[in-house]
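The lines below spell out each chain.
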Amino acid sequence: MKRGKLFVVMGPSGVGKTTVVKAVIKRQPIEARLTLVASYTTRSPRYGEQNGFDYYFISPAEFEEKKSAGFFLEWSCAYRGCYGTARDVIARRRTEGFSVVLVIDRHGALQVLEKEPETIIISLEPPSLEELERRLRSRNADDEASVQFRLERAEQERTDELNSPIAQFIVFNDDLETTIARVQDILVQCLIED
Ligand code: ADP
Ligand code: 5GP
């Protein structure tokens, strides 16, 4: 069986990565065989988030253990909390013929690219910082300090990407339906390419 591909959707917190990727996965043509692999995090679950579906919620001690054991393909503690993706799960799904999508920050995307140079990276960008702030607030998930931190981080990652680009595709997430269609087009195009 042909090995699945690896995609990363990166972009600032609150830009809409999760919303867009979940919609694309839900609406994918059956033959696309795309799967979203949930990350591990030390942050607390938000209202409605399910363990094992949105994230695997673990303690900082468990995260450290996994990190030391080489469990993560990549990890980032750039936010308040640590986040990482499971190396073995990703490898297994790809061997089974599924293409994997990771929703992670740029710091993690860089590590993935170093280990898996064939990775296709899509950067989702907000129409403006004001709109990003509005979305972060509309999610009702972060306190004021966390919103401010995420906005600062967004500017930092944007500068890093401008100085040293790693994304093959840039999609402005303005109108949601247009973005979903565009990301779906990119994924399907990459999947049928070879
Ligand atoms: P991320 O995964 O990048 O942190 P989310 O998917 O959680 O972001 O989206 C953040 C918020 O923005 C959510 O409330 C979501 O419904 C909203 N959102 C996502 N895309 C759009 C869009 N194109 N227009 C308006 N709101 C959006
Ligand atoms: P949130 O707390 O809003 O769910 O996520 C904060 C940021 O961490 C987002 O930009 C999100 O994409 C990123 N993130 C989520 N999971 C991972 C992961 O496994 N690795 C990395 N590097 N970043 C992640």
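One can find the structure itself at the top, above this paragraph.
Residues numbered from 1 in each chain as written. Chains lettered and ligands numbered in written order. Predicted model: local features only at pLDDT ≥ 70, side-chain atom pairs only at ≥ 80, totals over all residues. Heavy atoms only, no water.

**A few points about the sheet that holds strand S3 (residues 39-41)**
The pairing of strands in a sheet comes from backbone hydrogen bonds and takes either a parallel or an antiparallel form.
And step 1. If you walk across this open sheet you meet the four strands as S4-S3-S6-S5, and the pairing is mixed. Two strands lie at the open edges of the sheet, namely strand S4 (55-57) and strand S5 (72-76), each paired on one side alone. Each neighbouring strand pair of the sheet contributes to a mean axis angle of 25°, computed without reference to strand direction.
And step 2. Relative to strand S6 (residues 83-86), S3 runs antiparallel, the two sharing two bridges. Along S6, the bridge assignment pairs Thr 41 with Tyr 83.
And step 3. Together, S5 and S6 form the strand contacts of helix H3 (residues 87-95), whose direction differs from that of S6 by roughly 40°. (Pairing = 2+ DSSP bridges. Helix = DSSP H or I, 4+ residues; strand = E, 2+ residues; numbered from the N terminus. Axes fitted to C-alpha atoms, helices over the stretch in contact; angles between N-to-C directions. Contact = heavy atoms within 4.5 Å.)

**Details of the pairing of S5**
And step 1. Most of S5 is tucked away, with four of its five residues classed as buried.
And step 2. When S5 meets S6, the two strands line up antiparallel, connected through four bridges. When the sheet's bridge partners are listed, Glu 74 is paired in S6 with Thr 85.
And step 3. What sits between S5 and S6 in their antiparallel hairpin is a turn of six residues, with Gly 81 showing a positive phi close to 130°. (Buried < 20%, exposed > 50% of the residue type's maximum accessible area, 1.4 Å probe, protein only.)

**Looking at the site of ligand 1**
And step 1. Around ligand 1, the structure places 16 residues, and the nearest of them are Gly 14, Thr 18, Thr 19, Arg 139 and Asp 174.
And step 2. Note that a nitrogen atom of ligand 1 is positioned 3.4 Å from one of the backbone N or O atoms of Leu 176.
And step 3. Protein coverage of the free-state accessible area of ligand 1, which is 570 Å², stands at 78%.
And step 4. More than half of the atoms of ligand 1 fall within 2 Å of the grid points belonging to the largest pocket.
And step 5. Elements supplying a minimum of two residues to the shell around ligand 1: helix H1 (17-27) and helix H5 (129-138).
And step 6. Taken together, the residues of the shell around ligand 1 sort by class into three nonpolar, seven polar and six charged. (Near = heavy atom within 4 Å. Polar contact = N/O pair within 3.5 Å; in protein donor to acceptor, adjacent residues only side chain to side chain. Areas by Shrake-Rupley, 256 points an atom, 1.4 Å probe, with all protein chains shown as cover. 1 Å grid on protein atoms, 1.4 Å probe; cavity = no way out; pocket = protein on both sides within 12 Å on 5 of 7 lines; lining within 4 Å. Sits in = over half its atoms within 2 Å of the grid points. Nonpolar A, V, L, I, M, F, W, Y, C, P; charged D, E, K, R; others polar.)

**Focus on the site of ligand 2**
And step 1. Near ligand 2 you find 19 residues, and of these Ser 39, Arg 43, Tyr 55, Tyr 83 and Arg 150 are the closest.
And step 2. Ser 39 is positioned such that a nitrogen or oxygen atom in its side chain is 2.7 Å from an oxygen atom of ligand 2.
And step 3. Within the side chain of Glu 74, an N or O atom sits 2.7 Å from a nitrogen atom of ligand 2.
And step 4. More than half of the atoms belonging to ligand 2 lie within 2 Å of the grid points that define the largest pocket.

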